[in-house]
Amino acid sequence: MRMEHWWFTARLRLRSMLRRNRVERELDEELQFHLERKIEEGIARGLSPREARYAAMRAMDGLEQRKEEMRDMRRIRWLTDFLDDAQYAVRSLRRTPGLTAFVAITLALGIGMTSAIFSMVDALIFRPYPVPHPSGVVTLVGTTHDSSFNYFSYREYLDIRSQTKSYDGVIANANMEAVGFSAEPGATPRVKGGMMVSGNYFHVLGVEPRLGRGFREDEDQAPGRNAVVVLGPDFWKHEFGGDASVLGRTVRLNGTEFTVIGVAPETFPGMQIFARPDFYMPLAMARVFSTNRQKNFFEDRDDRELNVSARLKPGATLEQAQNELAVLAKNLESEYPKFNRGRGTAVHTQFEMRTRAGNVEWKFSVIFMILALAVLLVACTNVAGLLLSRARTRTREIAIRLAIGAGRSRLIRLLLTEILILASLGGLAGIAIAYGVVEWFHANEAIVVNTELPASLPFQIDLRVLLASVGLALLSALLCGLAPALQSTRVDLVNGLKAADVDVPGRKRLWGRNVLVVAQVAMSLMLLTASLLMVRGFQHGVLEGTVLAKDHLLMASFDPRLVQYDEAQTQRFYKLLAERVRDARGVQSEALMQNVPLGEQGFEGVAFVPDGFQMPRDRENFHSTMNTVDKGYFETLGIPILRGRGFLESDSADGPRVAIVNEQFAKHYWPGADAVGKHIRLDSAAGTPVEIVGVAQTIKYQLTFEKPMDFVYMPLAQHPVPRMFLMLRSSGDPLQLVKQVKDVVRTLDPNLPMLQTRAYADFYLNRAVKGPAVGIDLVISMGVVGLLLAIAGLYGLVAYNVSRRTREIGIRMALGAARGDVLRLVMGKGFVLVGMGTVFGLAMGFAVEQLMNSMLFNVGGVDIVAYVIVVPSLFVVTMLAAYLPARRAARIAPTQALRYE
Amino acid sequence: MSKPNDLVQGTLDLLLLKILALEPLHGWAISLRLTSISGDVLQVSEGSLYPALHKLEQEGWITAEWKQTENNRRAKFYSLTRLGRKQLESEAANWQRLSTAISHVVQLSEA
């Protein structure tokens, strides 16, 4: 019954909606028919036709009202009203194409910028894991004094897995940045990125392989037993052309044969934001991929390389999980004090992980989002200002509408429909702009994601971003439409009907526009300050990093694990490599290092106890980042040794252990004393003593804008690592050395690939200058857009004031006011507004600077220079915007002005 | 809005449904029928007739069709739908209940 009813009436409503004209005609015809019968009846009763007609109309009780009542009965009143409003709005907007275009473009800039930034923030922060029910997936972390986001060892992972009850499954994974891959046994291995995962990884995440199968639980139980691999979807397409017969094939990873058992689906590019694993291997095969040869992955409780996540059981809370894990951590602490003293745990949601303090992506997201919203606000205030003045020229129209009985809410709806249409136009264009910005990001992808490993910027215009754009359009429509609509419908009818453009006595009505201009100036000042601070902050970092002699350097990296060298072979290879390239023509000096400054991989860490240092009761050791380098390092890179010496040939494997620390480290642990000659002990107070033989100047190690950090250098012979960079200083173009180095490597081992061969200056430029420049460009463009909008807003306001006061100005001039007086009269207002805007803008600028300093740059205090540049230029530009219309006012001829209107 | 008529709220619907239950009619004929059936007791303004008919149509109780009258004029004829018949039954029953109750009360006060 209900359903039937609905079906019936829906059809009728659809009809009254779609065939409006016909329905209207029928309505007329029906009433007409009635009236004619009534008139005939009247005439039959002896009335004159005129009287009969009159009587018939009277019996109807007001024909038009009845019609309205009947229309109301159709229950689609709101819709037909909206369509009427839309039609009317389109017509009136087409009458003022310039204004319409300007408003649409302004809104498009605001919405487009914000949407583009949102697509970035969404990818970095909000987008859920690409798995079913992503909100149940949490990350488990270890906490220490130095870090709140620590990995777990394999043993610890097994403990967590067997001793927790809050989860439907606990998984572990470890990113292997460089794995030697060859599809054929004889081929030279190429470097690919792999991911070691626990056997239950795909199962717990709910990821169904696209082809073949995922790992079985038993496939990661016996170390070294199951050499199986699951390919990532992109890798499968590029490497195997999407061939389904790849299942069962044998490929070589780091020289070991693996059988392909499956392909992950396209919907699962991996759990990380940027990196997309080429393939997945079971944890049990860790020995093939191990980077740390001093530790045993399966046994050592302090070989912490695993990122542990879990899927919460339905109904289990984060708090329960946290408490449970905390108990486990306490047990481990008492059971293994040597490894687990002072180690706590925490369970975090995806959002918590991504917004953790210290996450650079989160910091950038916050700053960019604030700036983008500022642009949107400037755009909205601008449009609101325009609409306010437009509404004033329509005072009379609105007064007439009110006078003949339109309700105020009805009029507000009409005005809001207008701005809604404008916002839709702006929103559409805004999506196009956002699309352009994202494309531009992708065009710069190679610079931003500067790596050989598979990675991409995950920014895209997807449904989420489109929804956000629509939301922003609606929001901006409300923001900039509501106030003008409310104000312009509050009309004094008597005055409104008398004049076309009445100025209701008092300043109240202009007050709104003034506030808008002040806000615009303030906001664009903040935007400009932010962009300049960003530029200067990065420049500062780049300049500071110039202690490095970057030019004439060639870099290349090697990983003998790719060809299955053992440790002795590896050491021999590097020794011979260094010796032979030294003799090559054009090589001035050579160096080997585990990582280059501003390199892509993170640095290794070292745990130590400074000799003679009273350790706090609750901690075993301190941590620092470190690099393994050979004796040529400091000379080749031009890093000054401030005290003591660099590494020597005599710092060999069987010589006494030595290290060099940076100035920051020396000041940190031995303030006021000479660090040279002091000792540190590795791992604990009972560990191997290492003598500090030199202090090197502090440089930038990972980011140009990082804070000065502690750093330790160890000699290659005493701390061997498999993957090393070779750096050569040439007398001329470093790339001319490439062929000679290749020849040397070929004589040593023709199968060993030479990786990342490029001029270091070029690499450095990308990492330190071009990458940040992408962000800087974005901030600058926001600053410029904000400034342009503010200029337009101010110009509009002053010009509008002038046109409104033309007659007044004419009278003043007729009475003897000079041009200067008029200029002052008109400009004075602009001056006050810009001044107020500057004051507010400065306050906001300081706030943003504090934020940027605390988040990005390690600079305290205020960057006076930035303000000295920004404030006067903004002032000059905005005053110019006020001057142009003011000058026009001053040139008004009194005779003309008095005739105006 | 419409002038309050002398009919008890909602009874106009009942009357219209009842009249149309007998035969399909156009608006003019309905208004004639209304006056002729009830004489001068029930005053229905011609003005409120059409909105009421439109409401019934939107509710799906009656349906309209353009047909020729006996004088060869085009007119909109309303007829009862199946839903309308059910509605009529329930409203008539309601009315019966109400009027019985009211007459009871009225008799009570006289006694």
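Residues numbered from 1 in each chain as written. Chains lettered and ligands numbered in written order. Predicted model: local features only at pLDDT ≥ 70, side-chain atom pairs only at ≥ 80, totals over all residues.

### A word on helix H25 (residues 760-804) of chain A
1) Next: The terminal C-alpha atoms of H25(A), which comprises 45 residues, lie 64 Å apart, in line with the 66 Å expected from a rise of 1.5 Å per residue.
2) Next: Roughly 40° is the biggest bend found in H25(A), and it falls at Asn766(A). (Helix = DSSP H or I, 4+ residues; strand = E, 2+ residues; numbered from the N terminus. Expected span 1.5 Å × (residues − 1). Bend = angle between axes of the 7 residues up to and from the residue.)

### What to know about the packing of helix H16 (residues 408-443) of chain A against helix H18 (residues 463-488) of chain A
Residues and elements named next belong to chain A.
1) Next: In contact at an axis separation of 8 Å, H16 and H18 are set at 145° when each is read in the N-to-C sense. Regarding H16 and H18, the two cross each other, and that crossing is right-handed.
2) Next: The class makeup of the residues in the contact of H16 with H18 is 17 nonpolar, eight polar and no charged. (Axes fitted to C-alpha atoms, helices over the stretch in contact; angles between N-to-C directions. Left-handed = near helix turned anticlockwise from the far one by under 90°. Nonpolar A, V, L, I, M, F, W, Y, C, P; charged D, E, K, R; others polar.)

### Brief notes about the interface of chain B and chain A
1) Next: On the chain A side, the residues contacting the 19 residues of chain B number 21 residues.
2) Next: Of all elements in the fold, only helix H2 (27-38), helix H3 (46-59) and strand S3 (74-80) of chain B reach the threshold of two or more residues within the side of chain B that touches chain A.
3) Next: Considering every element that reaches the side of chain B that touches chain A, the biggest residue donor is H3(B), with nine residues. (Contact = placed C-beta atoms within 7 Å.)

### Section: the domain arrangement of chain A
Residues and elements named next belong to chain A.
1) Next: What the domain assignment lists for chain A is domain 1 (2-75), domain 2 (151-342), domain 3 (360-541 + 769-899) and domain 4 (547-766).
2) Next: Put simply, the middle of domain 2 and the middle of domain 4, counted by C-alpha atoms, are 30 Å apart.
3) Next: Between domain 2 and domain 4, the residue contacts involve twelve residues of the former and 14 residues of the latter.
4) Next: Where the side of domain 2 that touches domain 4 is concerned, the elements lending two or more residues are strand S3 (167-182) and strand S4 (190-197).
5) Next: Considering every element that reaches the side of domain 2 that touches domain 4, the biggest residue donor is S3, with three residues.
6) Next: Tallied by class, the residues present in the side of domain 2 that touches domain 4 amount to three nonpolar, five polar and four charged. (Domains from an automatic or database assignment.)

### Description of H3(B)
Residues and elements named next belong to chain B.
1) Next: Over its 14 residues, H3 extends 21 Å from the first C-alpha to the last, a length consistent with the 20 Å expected when each residue adds 1.5 Å.
2) Next: Taken across its 14 residues, H3 has 13 buried, putting it largely inside the fold.
3) Next: Backbone geometry just after H3 places Gly-60 at a positive phi near 85°. (Buried ≥ 20, exposed ≤ 12 C-beta atoms within 10 Å, placed from the backbone.)

### As for the nonpolar core
Residues and elements named next belong to chain A.
1) Next: Core analysis: the biggest nonpolar cluster contains 101 residues, and Leu-371 and Val-375 have the highest contact counts within it.
2) Next: The leading source of residues in this core is helix H14 (residues 360-393), at 17 residues.
3) Next: In this view, Val-375 contacts Leu-109, Gly-110, Met-113, Thr-114, Leu-527, Met-782, Val-785 and Gly-786; residues no more than four positions away in its chain are not counted.
4) Next: Counting 64 residues, the second largest nonpolar core, distinct from the first, contains Phe-573, Leu-598, Ala-696 and Phe-763. (Core = buried A, V, L, I, M, F, W, Y, C linked by C-beta atoms within 7 Å.)

### Structural notes on the sheet that holds strand S2 (residues 62-68) of chain B
Residues and elements named next belong to chain B.
1) Next: The antiparallel open sheet is built from three strands, whose spatial order is S1-S3-S2. Of all strands in the sheet, those bounded by a partner on one side alone are strand S1 (25-26) and S2.
2) Next: Of the strand pairs in this sheet, S2 and S3 are connected by seven bridges, and their pairing is antiparallel. Following the sheet pairing, Gln-68 is matched in S3 by Arg-74.
3) Next: Lying on the sheet, helix H1 (residues 11-22) is in contact with S1, S2 and S3; it crosses S3 at an angle near 100°. (Pairing = 2+ DSSP bridges.)

### As for the environment of Arg536(A)
Residues and elements named next belong to chain A.
1) Next: Tracing the sequence through the fold places Arg-536 in helix H20 (residues 508-544).
2) Next: When the C-alpha atoms of Arg-536 and Asp-863 are compared, they prove to be 8.8 Å apart, with 327 residues separating the residues in sequence.
3) Next: Among all residues touching Arg-536, those that are not within four sequence positions of it are Asp-863 and Ala-866.

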